[in-house]
Amino acid sequence: GPQQLNACEESDASRRGKAMATSNITDDSAAIEYTLDIKIAQIFVVLIFSFIGMTGPLYFSKRINVATMFLLRAFAAGVILGLAFCHMVPDSAGLAELTEYGGLNGALILLGFILNLCTERLSIDLAQRKQVLHDKQDSIELHETMETGDLGFTESPATAAQHRVLEQTGAPVENFSSAPNTQDMESIQKLKESKAVITAHVVEVGVIVHTVILGISVGTWMEGRASLIIFTVAMAFHQFFEGIGLGAIVSAASGISLTKRAAMVAAFTLSFPLSICAGIAISYHTSDPTTDELIAGVFESIACGLLIYIGAVSFVAEDFFTSAFVNAPENVVLRWRMKLALCGGMATMAIIGIWG
């Protein structure tokens, strides 16, 4: 009867649906296996290029002069800005399609910019406060030593007269000493070292976030073998030049110990291979692509803002406009070479972005 026909039709539809689902699973598994050997090869190729790129500036940092270091910093700034504008901004633009807010990626980029600004400013304020407290303690100890008379030397008449003036007027001891100039120089140097260390760590975090997102996307690659091979070559150069830029930044931060530098090299070198492995593991399990893209876009946008601040403010603005060495009248040629290095870094990342 009609009921039996309906039951048969439903049974056929159910079998066809199960068959299609099984076929889709088989097709996805076949697609993963189809490019798995290239992904494994890419892990080792990119690992080697990343290691060579970052360790190069670190190894030769003590063998190059100041001018060459500024050239490396200019190239690194170009690489960072090229990475941000030619790679990360286009990647994060997909947030407009995933949400109802068209300017969400731009707002998150600005958030990353502001976060970096606040972090750097806070670090400088804390370092200055620490130095002020240290100077105040030194001043108290000096006054106590003067009161006890245990100075370890015999005062000249002029010095004794100065001390009597101090006792009568209450003026700070530093006014009659050349020590403040030395302390000020030491304070400025410590602030520069602290800022360089923070800059190196922030840049590494931003680069690694971008690298992890790229690696996961490679691990979940479902396209053809030829396009993946081209992408592998592009990523090898991508990581190599990123490593040069990051290595130049870390080598300029004298406050980073050898152990921490080795850890930073390991983190950068292993970030892409490990994220590829994570992407391969993810590709074997079902997940919500929309949610994955949304999370990746948010982190990509914030990391982009971090890198824009580092490249534009911490490198271009400081090196080109506030460095006494770079702006010396006799270093006109160096300034032009730095501009070419900056453009070279930008062009490198732009070409890789277009090619990749």
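Throughout this document, residue positions are counted from 1 along each chain, in the order its sequence is written. Two thresholds apply to this predicted model, a pLDDT of at least 70 for residue-level local features and 80 or more for giving and counting side-chain atom pairs, whereas whole-chain, interface and lining totals are computed over all residues. In computing side-chain properties, one takes all heavy atoms of the structure into account and sets aside hydrogens as well as water.

Thoughts on the overall build of the protein
What counts, and what does not: Only runs of H or I of at least four residues qualify as helices and only runs of E of at least two qualify as strands under DSSP, and these elements are numbered from the N terminus. Three exposure classes are used, based on accessible area relative to the maximum for each residue type with a 1.4 Å probe and protein chains only: buried under 20%, partly exposed in between, and exposed over 50%. Should any heavy atoms of two residues lie within 4.5 Å, those residues are considered in contact. In this description, accessible areas are obtained by the Shrake-Rupley approach with a 1.4 Å probe, and a residue is regarded as covered only by the protein chains that are shown.
Each helix and strand counted, the protein has ten helices and zero strands in total. Helices and strands in the protein line up, N terminus first, as α-α-α-α-α-α-α-α-α-α. The buried share among the 356 residues of the protein stands at 38%. If you take every contact in the protein between residues at least 6 apart in sequence, the share linking residues at least 24 apart comes to 85%. Approximately 19900 Å² of the protein is accessible, and the part contributed by carbon and sulfur atoms is 66%.

Overview of the pattern of salt bridges
If the charged atoms of two oppositely charged side chains come close together, the side chains can form a pair. Keep this limit in mind: A pairing counts as a salt bridge when a side-chain nitrogen of Lys or Arg comes within 4 Å of a carboxyl oxygen of Asp or Glu.
Under the criterion given, the structure shown has one salt bridge. Across the pair Arg 73 and Asp 319 runs a salt bridge, and its minimum N-O distance is 2.7 Å. Placement of Arg 73 in helix H2 (residues 66–92) and of Asp 319 in helix H9 (residues 289–322) is noted, with a sequence separation of 246 residues between them. You can call Arg 73 buried: its relative accessible area is 15%.

Quick notes on the confidence of the model for the protein
Heads up, the condition is: Every residue gets a pLDDT, meaning the predictor's confidence in that residue, from 0 to 100.
Chain-level pLDDT for the protein is 75 on average; 69% of the residues reach the 70-or-more range. Predicted confidence for residues 17–27 stays below pLDDT 50, and this span has zero contacts to residues more than four positions away or in other chains. Scored below 50 in pLDDT, residues 151–157 makes five contacts in the model with residues more than four places away or belonging to other chains.

As for a nonpolar patch on the surface
Short version of the rule: Like charges are joined within 9 Å and nonpolar side chains (Val, Leu, Ile, Met, Phe, Trp, Tyr) within 5 Å, but only among residues with over 30% relative accessible area and no salt bridge; these make up the patches.
Together, Val 45, Ile 48, Phe 49, Phe 51 and Ile 52 make up an exposed nonpolar region whose accessible area comes to about 430 Å². Mapped onto the fold, Val 45 is located in helix H1 (residues 2–60). Residue classification places Val 45 among the partly exposed residues on the basis of a relative accessible area of 33%.

Brief notes about the nonpolar core
In plain terms, the rule: The criterion is simple. A nonpolar core is a set of buried Ala, Val, Leu, Ile, Met, Phe, Trp, Tyr and Cys residues joined through side-chain atoms within 4.5 Å.
In terms of nonpolar packing, the biggest core is built from 50 residues, with Met 54, Val 203, Val 250, Leu 307 and Met 338 touching the most fellow members. Going through the elements one at a time, H1, H2, helix H6 (179–219), helix H7 (225–252), helix H8 (258–283), H9 and helix H10 (332–355) are the ones with two or more residues in this core. If one sorts the elements of this core by residue count, H2 sits on top with twelve residues. In this structure, Leu 307 is in contact with Ile 80, Leu 83, Ala 84, Met 88, Val 203, Gly 206 and Val 207, ignoring residues within four places of it in sequence. Of all hydrophobic cores here, the second largest spans twelve residues; its members include Leu 36, Ile 43, Val 218 and Phe 231.

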